[in-house]
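# A look at the structure
Below, each chain spelled out in residue letters.
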Amino acid sequence: MPARLRVNRDALAANYLRYRTAVAGACGAVVKADGYGLGAEETAAVFERLGCRHFFVATAAEGLALRKVLQNSVIYVLDGVVPETARPLAGAGLVPVVNHERQLAAWAPFRDRDVAVHVDTGMNRLGFPVGVPASVFEGFQVSLLMTHLACADDPAHPLNEIQLRRFAEVAERFPGIATSIGNSAGSLLAERYHGDLARPGIGLYGGNPWLNEPNPARPVATLEAAVVQTREVAAGESVGYGATWSSRKARRLAVLGIGYADGLPRSLSNCGEAVVAGKRCPFVGRVSMDLTAIDVTGAQVEAGDWVELFGAELPVDEVARKAETIAYELLTGISPRVQRVYEG
């Protein structure tokens, strides 16, 4: 077990409770992409114990897997439905989020079952146009009307108000239908951005929902790697593929049992850090498939010790910036061969 992802259930619960307290209506949870890489079944179980009854996944396969452990909750499938998935979704009591008329037609044999409708108010990704008439859904059991904010992480962005205004106009044509607007950031904006059902995602898992504000979430996941070997490197010696790093003077290195096959971005080569006994130690040389070297000169560490790649001491958003990506990609990119360890 050279690498592990430790998941703090107490922190996960605290983050969910923060959102549940902040929103005006009900608070759901987005658990797509295997719970943002932390494990959909395990994270959903935490939210369910806290009273969460509405869950969002991306695909039919994710929804069918989650239904096996969530018997009484509402599970929405954001990618919608196609003819091949309609019967399995209906049989499992899942709610497709239809995005266009062909998806609606695929759900027609099950029109007496709940369906959610996604309206595109400015993301220009998925969803019906804002001008869609309510008559299109006549005979269908529409239980939720939703949209997705493109720039909620920047509260001052003008598109937020534009999308909210457009959605309000659409909602007027669907009286009595519950609405869902706020994602993680949107759920922390003003009440008018919440809708009847908030659906936080990244903020539940410890990532910062804001673009330029302090992170309100508690860190949930800690990525750690075991030291496979320590070694002394003389001045002038290079390390790793391509000899991209050379020592100016004698240094002590630790080789970690983690690499890009585990989800550690190769872009962290020669710029990433690890925390060793409270000390930040730089990556040296390239991140390879299974191994990464760090400079531990002056640190107390031996083979078998664990070091932190992100977590409480090295925030996941900081690591993501160094890797020129975002926390979403870092978390969801942790590979299955990294053991998940649940605590709390």
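In short, a report on the structure. (Residues numbered from 1 in each chain as written. Predicted model: local features only at pLDDT ≥ 70, side-chain atom pairs only at ≥ 80, totals over all residues. Heavy atoms only, no water.)

### Considerations on the overall build of the protein chain
What counts is decided by this rule: Helix and strand definitions follow DSSP, with helices as H or I runs of at least four residues and strands as E runs of at least two, each counted in order from the N terminus. In this scheme, a residue with accessible area under 20% of its type's maximum is buried, one over 50% is exposed, and one in between is partly exposed, where area comes from a 1.4 Å probe on protein chains only. For this analysis, residues touch if any pair of their heavy atoms sits within 4.5 Å. Where accessible areas are quoted, they stem from the Shrake-Rupley method and a 1.4 Å probe; at the residue level, only the protein chains shown are allowed to cover. This count recognises Lys and Arg as positive and Asp and Glu as negative, with His and chain-terminal groups excluded. Where a charge lies is defined by one atom per residue type, namely NZ (Lys), CZ (Arg), CG (Asp) and CD (Glu).
Per the secondary structure count, the protein chain includes nine helices and 19 strands. Per-residue burial for the protein chain yields a buried fraction of 51% across its 344 residues. Intrachain contacts of the protein chain at a sequence separation of at least 6 include 62% that bridge at least 24 residues. A total accessible area of about 15300 Å² is found for the protein chain, and carbon and sulfur atoms account for 50% of it. Distance between charge centroids for the protein chain: 2 Å, based on 34 positive and 37 negative side chains.

### Some thoughts on the pattern of salt bridges
Note the cut-off: The salt bridge definition used is simple: a Lys or Arg side-chain nitrogen within 4 Å of an Asp or Glu carboxyl oxygen.
For the structure on display, the rule yields 12 salt bridges. A salt bridge links arginine 192 to glutamate 161, with the nearest nitrogen and oxygen atoms 2.4 Å apart. Here arginine 192 is found in the loop between strand E9 (178-180) and strand E10 (197-198), whereas its partner glutamate 161 is found in helix H7 (residues 158-171), with 31 residues between them in sequence. Its relative accessible area of 47% is what places arginine 192 among the partly exposed residues.

### Observations concerning H7
As a reminder, the rule being used: Expected span, for any helix, means 1.5 Å times one less than how many residues it has. Summarising the geometry, the arc corresponds to the directions from the helix axis toward the C-beta atoms.
A rise of 1.5 Å per residue sets the reference length of H7, with its 14 residues, at 20 Å; its end C-alpha atoms lie 20 Å apart and thus fit the reference within 8%. Buried residues of H7: Leu159, Asn160, Gln163, Leu164, Phe167 and Val170, and no others. The buried side chains of H7 occupy one side of the element, clustering within an arc of 135 degrees when seen end-on. Tucked inside the fold, the buried residues of H7 contact strand E8 (141-146) and E9.

### Looking at the side chain of threonine 147
Defined as follows: Polar contacts here mean pairs of N or O atoms no more than 3.5 Å apart (in protein, one a potential hydrogen donor and the other a potential acceptor; neighbouring residues in sequence count only if both atoms are side-chain atoms).
With respect to the helices, strands and loops of the structure, threonine 147 is situated in the loop between E8 and H7. For threonine 147, the side chain forms a polar contact with the main-chain oxygen of valine 119, separated by 2.7 Å.

### Comments concerning the sheet that holds strand E3 (residues 29-30)
Our working rule: Think of it this way: DSSP has to see at least two bridges between two strands before they count as a pair.
One open sheet holds the seven strands; their spatial order is E3-E4-E5-E6-E7-E8-E9, and the pairing between them is parallel. Among the strands making up the open sheet, the edge pair consists of E3 and E9. Here strand E5 (residues 74-77) pairs with strand E6 (residues 95-98) via two bridges, running parallel. Across the sheet, the residue bridging to tyrosine 76 is valine 95, located in E6.

### Observations regarding the nonpolar core
Cut-off, in case you're wondering: Residues enter a nonpolar core if they are buried and are Ala, Val, Leu, Ile, Met, Phe, Trp, Tyr or Cys, with the set joined through side-chain atoms within 4.5 Å.
If you look at the biggest cluster of nonpolar residues, it comprises 103 residues, and the most contacted ones within it are Phe47, Leu309 and Phe310. Among the elements that take part in this core, helix H1 (residues 9-22) stands out by supplying five residues, more than any other. Those residues within four positions of phenylalanine 47 in sequence are excluded, and the remaining contacts are Leu12, Tyr16, Ala29, Val31, Cys52, Phe55, Leu204 and Tyr205. Within the second largest apolar cluster, six residues are counted, among which are Val239, Leu253, Val284 and Ala293.

### Here we look at the side chain of threonine 222
Inspection of the secondary structure puts threonine 222 in strand E11 (residues 221-233). Excluding its chain neighbours within four sequence positions, the residues that come into contact with threonine 222 are Arg4, Leu5, Arg6, Glu308, Phe310, Gly311 and Ala312.

### With respect to the state of the cysteines
Put simply, the rule is: Cysteine sulfur atoms that pair up within 2.5 Å are treated as a disulfide.
In this structure the tally under the stated criterion is zero disulfides. Left unpaired, cysteine 281 is separated from the closest cysteine sulfur, that of cysteine 271, by 15 Å.

### Some remarks on helix H5 (residues 83-91)
Taken together, the buried positions of H5 are occupied by Ala86, Leu89 and Ala90. Summarising the axial view, the buried residues of H5 lie within an arc of 90 degrees, below the 170-degree limit, and thus occupy one face. Facing away from the buried side of H5 by more than 90 degrees, the exposed set consists of Glu84, Arg87 and Gly91. Buried residues along H5 sit against helix H4 (60-67), E5, E6 and helix H6 (101-106). Backbone geometry just downstream of H5 places glycine 93 in the positive-phi region, at approximately 70 degrees.

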